[in-house]
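Coordinate analysis (summary)
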2 protein chains.
Amino acid sequence: MFSKELLKGTLKTIILRLLDEQGKMYGYEISQFVKNMTDGKLELTEGALYPTLHKLESEGLLKTEKVFIGKRARKYYSLTPAGNKETISKIKEFQEFAAAMQMILFPKANLDGRIK
Amino acid sequence: MFSKELLKGTLKTIILRLLDEQGKMYGYEISQFVKNMTDGKLELTEGALYPTLHKLESEGLLKTEKVFIGKRARKYYSLTPAGNKETISKIKEFQEFAAAMQMILFPKANLDGRIK
DNA sequence: CAATTATACCTAAGAGTTTTAGGTATTCCA
DNA sequence: TGGAATACCTAAAACTCTTAGGTATAATTG
């Protein structure tokens, strides 16, 4: 797995986008989903994930719903209308960032029309 | 300009790649270069840039050469052989990261073959 | 069936990177 | 001549994430 430094700043974007796609998810599910989807290349640590979920909720971007599976609680998160808006803006932001990085890292590719 | 959160972790990669491309550059030049190349979307703050240059030098990835323009000093940085290696690895790392992010943010694009 | 693994939540201290907010000095230009 | 641009630098604070715990239930496996 590559250095996690790069992950910084993308956690919120990832969470918002996944909830946008999947409708609702719980914390543990999100962490497993990302791990599986990227073949273990990208792992969200719980120490970062849970506090971020709480923060997004307190900011009004997420709402929660508690579900019990037997005696074990799951906390499902889903987007609020404000969360929907924020998702769009975060994704756009990431796209612009990625484009800027490509411009810096591969300047020639942007001149002669080569893809990648 | 977009939030700088995303920039975290990419500073070293940017510096190494620019020196790889341009041969040698000085700190102020790097900051202006990035700003111009990205139409101001991406700005490296000096408070982050200079300490990072010093760190890369102390790690043996960069070497310096002082040049005086009149009485004003410029400190040119360039890659050492170790810096060359590190550049390759950092770029690869970023590419993998960007690919993983695309997979998460745009899963359908990766299934039906659409580009972007 | 006891022990390990997986599920599922959480927090606090510390590490690491960047921003903010300064500082110094030279050169150019209006 | 005074402000903007050039060119370097640092220290404190802010912010995000990792590390390293903690609790508890359910499933698996030897």
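Residues numbered from 1 in each chain as written. Chains lettered and ligands numbered in written order. Predicted model: local features only at pLDDT ≥ 70, side-chain atom pairs only at ≥ 80, totals over all residues. Heavy atoms only, no water.

Taken as a whole and assessed by the stated rule, the structure comprises four aromatic pairs over all chains. Consider the rings of Tyr 26 of chain B and Tyr 76 of chain B, whose centres lie 5.2 Å apart with planes at 80 degrees: the pair is edge-to-face. With Tyr 26 of chain B in strand β1 (residues 24-26) and Tyr 76 of chain B in strand β3 (residues 72-79), this residue pair connects regions lying 50 residues apart in the sequence. Overall, the relative accessible area of 13% leaves Tyr 76 of chain B in the buried class. On the basis of an interplanar angle of 50 degrees and a centroid distance of 6.3 Å, the ring pair of Phe 94 of chain B and Phe 97 of chain B is categorised as tilted. Here the residue Phe 94 of chain B and the residue Phe 97 of chain B both occupy positions in helix α4 (residues 81-105), the gap between them amounting to three residues, near one helical turn. On the basis of relative accessible area, Phe 97 of chain B is assigned to the buried category, the value being 2%. A cation over an aromatic ring shows up here: Lys 24 of chain A above the ring of Tyr 76 of chain A, its NZ or CZ 4.7 Å from the ring centre. (Phe/Tyr/Trp six-rings, centres within 6.5 Å; stacked < 30°, edge-to-face > 60°. Helix = DSSP H or I, 4+ residues; strand = E, 2+ residues; numbered from the N terminus. Buried < 20%, exposed > 50% of the residue type's maximum accessible area, 1.4 Å probe, protein only. Lys NZ or Arg CZ within 6 Å of the ring centre and 35° of its normal.)

All names here are of chain A. The sheet built from three strands is open, its strands ordered β1-β3-β2 with antiparallel pairing. Both edges of this open sheet fall to β1 (24-26) and β2 (62-69), since each of them pairs with a single strand only. The average angle at which neighbouring strand axes cross in this sheet is 35 degrees, direction not considered. With eight bridges joining them, β2 and strand β3 (residues 72-79) adopt antiparallel strand pairing. Bridge pairing links Ile 69 to Arg 72 in β3. Along the sheet, helix α2 (residues 27-37) makes contact with β1 and β3, crossing β1 at roughly 95 degrees. (Pairing = 2+ DSSP bridges. Axes fitted to C-alpha atoms, helices over the stretch in contact; angles between N-to-C directions. Contact = heavy atoms within 4.5 Å.)

So, on to the protein's contact with DNA strand C. Near DNA strand C lie 28 residues; those nearest to it are Tyr 26 and Tyr 28 of chain A together with Thr 45, Lys 71 and Arg 72 of chain B. By atom count, sugar and phosphate contribute 69% of the portion of DNA strand C lying within 4 Å of the protein. Between Arg 72 of chain A and DNA strand C, the recorded distance is 2.7 Å, taken from a side-chain N or O atom to a base oxygen. Lys 75 of chain A is positioned with one of its side-chain polar atoms (N or O) 2.8 Å from a phosphate oxygen of DNA strand C. Among the elements of the structure, α2, α3 (46-58) and β3 of chain A together with α1 (11-22) and α3 (46-58) of chain B are those that each provide at least two residues to the surface near DNA strand C. A per-class count over the surface near DNA strand C returns nine nonpolar, eight polar and eleven charged. (Near = heavy atom within 4 Å. Polar contact = N/O pair within 3.5 Å; in protein donor to acceptor, adjacent residues only side chain to side chain. Nonpolar A, V, L, I, M, F, W, Y, C, P; charged D, E, K, R; others polar.)

All right, on to the relation of the copies chain A and chain B then. The relation between the two copies of this chain is a rotation about an axis and a shift parallel to it. Under the fitted operation, chain A is carried onto chain B by 0.0 Å of movement along the axis and a turn of 180 degrees, and the coordinates agree to an RMSD of 0.0 Å. Expressed as an axis order, the relation between the two copies is that of a two-fold axis. For chain A, the residue whose C-alpha comes nearest the rotation axis is Lys 8 of chain A, separated from it by 3.0 Å. Take the interface residues of chain A: 100% of them recur as interface residues in chain B, which is what a same-surface contact looks like. (Least-squares fit on C-alpha atoms with pLDDT ≥ 70 in both.)

Taken together, the contact pairs 34 residues of chain A with 34 residues of chain B. Summing both partners gives a buried area of about 3500 Å² for chain A against chain B, and 74% of it is carried by carbon and sulfur. For the pair chain A and chain B, the number of links is zero salt bridges. If you look at where chain A meets chain B, you find four residue pairs in polar contact (both at pLDDT 80 or more). Here the element with the most residues in the side of chain A that touches chain B is helix α4 (residues 81-105) of chain A; it accounts for 13 residues. Here the residues of the side of chain A that touches chain B sort into 18 nonpolar, seven polar and nine charged. (Buried area = accessible area lost by both parts, 1.4 Å probe. Salt bridge = Lys/Arg side-chain N within 4 Å of Asp/Glu carboxyl O.)

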